[in-house]
Amino acid sequence: MTIAEKLNSIDSSILSEDLISDQIISSHQYKELYDQLDNQLTLLYEKEIEFLYEQESKNTMSSEEKHTMNQLSNIIDSMDHLFGAAGLNDYEVIARIANAFQVDHVHDIGCNLGIQGKLFHDRRIKYTGYDTESTFEFPLLKQFENIECVQKEYPFPIDTSKGKYMLVSRLCLGYFKKDDETIKRIIKDFDIVFLICSDHSFIQKFDGYRVFKYMKRSKQWKETNFHDLNGSSDFLLMKDSR
């Protein structure tokens, strides 16, 4: 089976779809993520109301109040990214692809709260997320040994000597570094790369990779060359093993 045939044997129809169907949200992966986010959001919102009410009698917020307000903002941001901008749909497809190609470890650059790691955990794939902001206090992460989030800015060396490694950049979008150092590090360390990208000059620098583009109209993956990268799209890059 060719790479394209293998990709098209995976249901990718929800990729980049903005609305998550009731059937999808009711699945155990999404429901647990959504319920825990919703519960966390409710608790923080109640604290925010309490803090704002207390503001009538004082002029400044304590460090605890500021911390909780920041948490609330981060949770809301995560809800928007994952449930309002096709984020969770895309991560579900990425997890299906990682599983089909027997990926051992996924590294997610710009992971936000990292709760999408649950989708990889359910498939016995280790997940490490990286973000420049310290937003990793979501309780779900502490339940699973193979989900980890780190406050660090990529690129930096990653030990990928054992197993098959996949790089994902889905939530950071324009904030992902696209310099030569980043390209060299990715090429050195990763067998598979999933990017949502409109910067074709960036994609064209991945020498030694085969490029597969998701065609939204036909809902099919198609191998393309570096000179036919029209429009913003979901790209999967595979190291050429031919």
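No experiment lies behind these values; they were computed from the predicted model shown.

S.K.: Please explain the environment of Ser 161 as it appears in this structure.
M.R.: Here Ser 161 shows up in the loop between strand E3 (147–151) and strand E4 (165–169). By relative accessible area, which is 56% here, Ser 161 ends up exposed. On a C-alpha basis, the gap between Ser 161 and Asp 189 in space is 8.3 Å, while along the polypeptide they are 28 residues apart. Among the polar contacts listed, one links the side chain of Ser 161 to the side chain of Asp 159, at a separation of 2.8 Å.

S.K.: Which parts of the structure should I look at to understand helix H5 (residues 87–100)?
M.R.: At 3.6 residues per turn, the α-helix brings residues three or four places apart onto the same side. Counted at 1.5 Å a residue, the expected span for H5 with its 14 residues is 20 Å, and the 20 Å between its end C-alpha atoms agrees. Counting buried residues in H5 gives 11 out of 14 residues, a clear majority hidden from the surface. Every buried residue of H5 is listed here: Gly 87, Leu 88, Asn 89, Asp 90, Tyr 91, Glu 92, Val 93, Ile 94, Ala 95, Ile 97 and Ala 98. Just past H5, the residue Gln 102 takes up positive phi, approximately 55°.

S.K.: When you look at helix H7 (residues 180–189) in this model, what are you seeing that I'm missing?
M.R.: Listed as buried for H7 are Thr 182, Ile 183, Ile 186 and Asp 189. Buried residues of H7 fall within an arc of 150° about the axis and therefore sit on the same side. Of the exposed residues in H7, those oriented more than 90 degrees away from the buried face are Glu 181, Lys 184 and Lys 188. Against E4, strand E5 (192–197), helix H8 (200–203) and strand E6 (209–215) lie the buried residues of H7.

S.K.: Honestly, unusual backbone geometry in this entry has me stumped. Any pointers?
M.R.: Peptide bonds are trans in most cases, and residues, glycine excluded, mostly fall at negative phi. The linkage connecting Tyr 154 with the following residue, Pro 155, adopts the cis geometry, with an omega of 20°. Looking at where Pro 155 falls in the secondary structure, it is placed in the loop between E3 and E4. Not every positive phi belongs to a glycine, and Arg 124 is a case in point at roughly 60°. When you line up the elements, Arg 124 lands in the loop between helix H6 (117–121) and strand E2 (126–131).

S.K.: Explain the pairing of strand E1 (residues 105–109) to me, please; I cannot follow it from the model alone.
M.R.: Consecutive side chains of a regular strand alternate in pointing toward one face of the sheet and then the other. The buried fraction of E1 is high, at 5 of 5 residues. On E1, burial covers both faces: His 105, His 107 and Ile 109 on one face and Val 106 and Asp 108 on the other are all buried. Relative to E2, E1 is paired through 5 bridges, and the arrangement is parallel. Within the sheet, the bridge partner assigned to Asp 108 lies in E2 and is Gly 129. Of the pairings in the sheet, the one linking E1 to E4 comprises 4 bridges and is parallel in character.

Calculation rules
Residues numbered from 1 in each chain as written. Predicted model: local features only at pLDDT ≥ 70, side-chain atom pairs only at ≥ 80, totals over all residues. Heavy atoms only, no water. Helix = DSSP H or I, 4+ residues; strand = E, 2+ residues; numbered from the N terminus. Buried < 20%, exposed > 50% of the residue type's maximum accessible area, 1.4 Å probe, protein only. Polar contact = N/O pair within 3.5 Å; in protein donor to acceptor, adjacent residues only side chain to side chain. Expected span 1.5 Å × (residues − 1). Arc of directions from axis to C-beta. Contact = heavy atoms within 4.5 Å. Pairing = 2+ DSSP bridges.

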